[in-house]
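Letter by letter, the chains look like this.
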Amino acid sequence: MHRIILDVDLAMGAPGSDIDDGFALAWALADPDLQVDLVTTVNGNTDAGSATALTLELLHRLGCDDLPVHRGAERPLLQPKHRQGTIPDDVVVRDPRPEPAAAAMVEHVLAHPGQITLVAVGPLTNVALALRMHRDFASSLKSLVVMGGRFEPPESVGHGEFNIWNDPEAAQIVLDSPVTARWVGLDVTTQVRMSRDEAVELSGDSRPFAAFAGAHTVAWIDHIHAGPTDGSSSCAMHDPLAVAAASHPELLTWRPAHLTVDLTEPGLGTTTATFDATDANAEVAVAVDTAGFHRLLLERLRSL
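These figures come from a predicted structure and were not determined experimentally.

Q: I keep staring at unusual backbone geometry and nothing clicks. Help me out?
A: What you tend to see is this: most non-glycine residues have negative phi, and most peptide bonds are trans. For the bond running from Glu265 to Pro266, omega is 10 degrees, close enough to zero to count as cis. Secondary-structure assignment places Pro266 in the loop between strand S9 (252–261) and strand S10 (271–275). Notably, Asp276 is not glycine yet its phi reads approximately 60 degrees, a positive angle. Inspection of the secondary structure puts Asp276 in the loop between S10 and strand S11 (282–288). Taking relative accessible area as the criterion, Asp276 reaches 48% and is therefore assigned partly exposed.

What follows is the structure, encoded as structure tokens:
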């Protein structure tokens, strides 16, 4: 059994919002090899307040009201970026635990040294704050899994992958820390997808969460493809793959690498990987068993 803290910028449930973070939370709760100890929220896909409300709402739908949720960083460490989201009128706004996310991470990890895997599927602001908050946080983690970056081929146009671009300084703090994290980037996450046809089928499922998730996935696919489609479009399951990596790392092929992050424009947040470097500070996913992941994802959803 792998005990995890899941750090999310969850937006599933809000109109026109990405949905993969909701699937990530669902996978974490349904996976028999995972035990979710805490959920923490961070500004990213939406603002931290909305992410917290939507996380608590999703946990309520999944019958997990007692799972501790801690609200995290409202803004990136240095960058002025700030995403403002919305909370649908039918969502009951519940109160999270009072302790801030980074402090809760530190307290829990130090209380259980060598036992907790931190899975971060949003910007790395909370993780960076926790690393700076206590000198023993890094050494007390069992492992760290990050959803972020793009590594092969190297990014060359525009800014970096969203989570890293949103708070590149936080990402660099993680890379400069003693933790050799496993990085699950767009190289592999864009290969694991849910089609619109699958989402439509899911929306008609008798299980309440499956129907809810399916309906929002259809809406998200239509949003990113600018309207109804012929069923051939799809969306990537970025965040669930990072959660899967915590309990099923064999789904991915890993290579050691030395990673750096561009902290300046025009390439803000772009990641550069030097593979098989002697000073590796990361393990990077370079290939994925798409069929194996897809099978497990559907199994997880059907179990809820």
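Q: I'm lost on the packing of helix H1 (residues 20–30) against helix H2 (residues 48–61) in this one. Help?
A: Helix-helix packing is described using two parameters, namely the angle between the two axes and the distance between the axes. Packing of H1 against H2 brings their axes to within 11 Å, and their N-to-C directions diverge by 45 degrees. Between H1 and H2, the crossing angle belongs to the class labelled oblique. With respect to the hand of their crossing, H1 and H2 are arranged in right-handed fashion. Of the residues in H2, those in contact with Gly22, Leu25 and Leu29 of H1 are Thr55, Leu58 and Leu59. Here the contact of H1 with H2 is composed, by residue class, of four nonpolar, two polar and no charged.

Q: Is there a simple way to think about the packing of helix H9 (residues 196–203) against helix H10 (residues 208–224) in this case?
A: For the pair H9 and H10, the least separation of the axes is 7 Å and the interaxial angle reads 145 degrees. Regarding H9 and H10, the two cross each other, and that crossing is left-handed. Here Arg196, Ala199, Val200, Leu202 and Ser203 of H9 come into contact with H10, specifically with Ala210, Ala211, Gly214, Ala215, Thr217, Val218, Ile221 and Asp222. In the contact of H9 with H10, the residues fall into eight nonpolar, three polar and two charged.

Q: Explain the packing of aromatic side chains here, please?
A: Ring pairs (aromatic) are described by centroid distance and by the angle formed between their planes. One pass over the full model with this rule turns up four aromatic pairs. When the ring of Trp27 is compared with that of Phe293, the centres are 5.3 Å apart and the planes differ by 10 degrees; the resulting orientation is stacked. Here Trp27 is found in helix H1, whereas its partner Phe293 is found in helix H12 (residues 290–303), with 266 residues between them in sequence. Between the aromatic rings of Phe162 and Trp165, the centroid separation amounts to 5.9 Å while the plane-to-plane angle is 45 degrees, which identifies the pairing as tilted. With Phe162 and Trp165 both in helix H6 (residues 162–166) and three residues apart, this pair spans about one turn of that helix. Taking the ring centre of Phe212 as reference, the NZ or CZ of Arg61 above it sits at 3.9 Å.

Q: Just to check I follow, could you spell out the nonpolar core for this structure?
A: Nonpolar side chains tend to gather and get buried jointly when the protein is soluble and globular. Core analysis: the biggest nonpolar cluster contains 59 residues, and Leu6, Met12, Phe23, Val119, Phe209 and Met237 have the highest contact counts within it. It is H10 that contributes the most residues to this core, seven residues altogether. In terms of nonpolar packing, the next biggest core, distinct from the first, is built from 37 residues, Leu118, Ala128, Leu141 and Ala273 among them.

Q: Could you clarify how one ought to interpret a nonpolar patch on the surface in this entry?
A: Together, Leu77, Leu78, Leu129 and Met133 give the surface a local cluster of nonpolar side chains, amounting to about 360 Å² of exposed area. The residue Leu77 is located in the loop between strand S3 (69–71) and helix H3 (101–111) in this model.

Q: Whenever I open this one, the sheet that holds strand S5 (residues 143–147) confuses me. Can you help?
A: Strand pairing in a sheet takes place through backbone hydrogen bonds and is either antiparallel or parallel in direction. Spatial ordering of the open sheet is given by S3-S2-S1-S4-S5-S6-S11-S9-S10, a layout of nine strands whose pairing is mixed. Each of the sheet's edge strands pairs with one partner strand only, and the pair in question is S3 and S10. Strand after strand, the sheet turns through a mean of 30 degrees between neighbouring axes, direction not considered. Inspection of the sheet shows strand S1 (residues 2–8) paired to strand S4 (residues 116–120) by five bridges, in the parallel sense.

Q: Even after reading the chapter, I still don't get the environment of Thr271, so can you show me in this structure?
A: As for its position among the elements, Thr271 is in strand S10. Sequence separation between Thr271 and Leu175 is 96 residues, and the spatial gap between their C-alpha atoms is 11 Å.

Q: Before we go on, may I ask you to explain the pairing of strand S2 (residues 34–41) in this structure?
A: Each regular strand carries side chains that alternate between the two faces of the sheet. Counting buried positions along S2 yields seven of eight residues, so the element is predominantly enclosed. In the sheet, S1 pairs with S2 via seven bridges, with the strands oriented parallel. Looking at S2, one finds that Ile4 is bridged to Val36. As judged from the three bridges shared by S2 and S3, these two strands associate in the parallel manner. Note on S3: the bridge partner recorded for Thr40 is His70. Regarding topology, H2 serves as the crossover connection from S2 to the parallel S3, and that connection is right-handed.

Basis of the calculations
Residues numbered from 1 in each chain as written. Predicted model: local features only at pLDDT ≥ 70, side-chain atom pairs only at ≥ 80, totals over all residues. Heavy atoms only, no water. Helix = DSSP H or I, 4+ residues; strand = E, 2+ residues; numbered from the N terminus. Buried < 20%, exposed > 50% of the residue type's maximum accessible area, 1.4 Å probe, protein only. Axes fitted to C-alpha atoms, helices over the stretch in contact; angles between N-to-C directions. Parallel < 35°, antiparallel > 145°, perpendicular 65-115°, else oblique. Left-handed = near helix turned anticlockwise from the far one by under 90°. Contact = heavy atoms within 4.5 Å. Nonpolar A, V, L, I, M, F, W, Y, C, P; charged D, E, K, R; others polar. Phe/Tyr/Trp six-rings, centres within 6.5 Å; stacked < 30°, edge-to-face > 60°. Lys NZ or Arg CZ within 6 Å of the ring centre and 35° of its normal. Core = buried A, V, L, I, M, F, W, Y, C linked by side-chain atoms within 4.5 Å. Patch = residues over 30% accessible without salt bridge, like charges linked within 9 Å, V, L, I, M, F, W, Y side chains within 5 Å. Areas by Shrake-Rupley, 256 points an atom, 1.4 Å probe, with all protein chains shown as cover. Salt bridge = Lys/Arg side-chain N within 4 Å of Asp/Glu carboxyl O. Pairing = 2+ DSSP bridges. Right-handed = clockwise from strand over helix to strand, strands pointing away.

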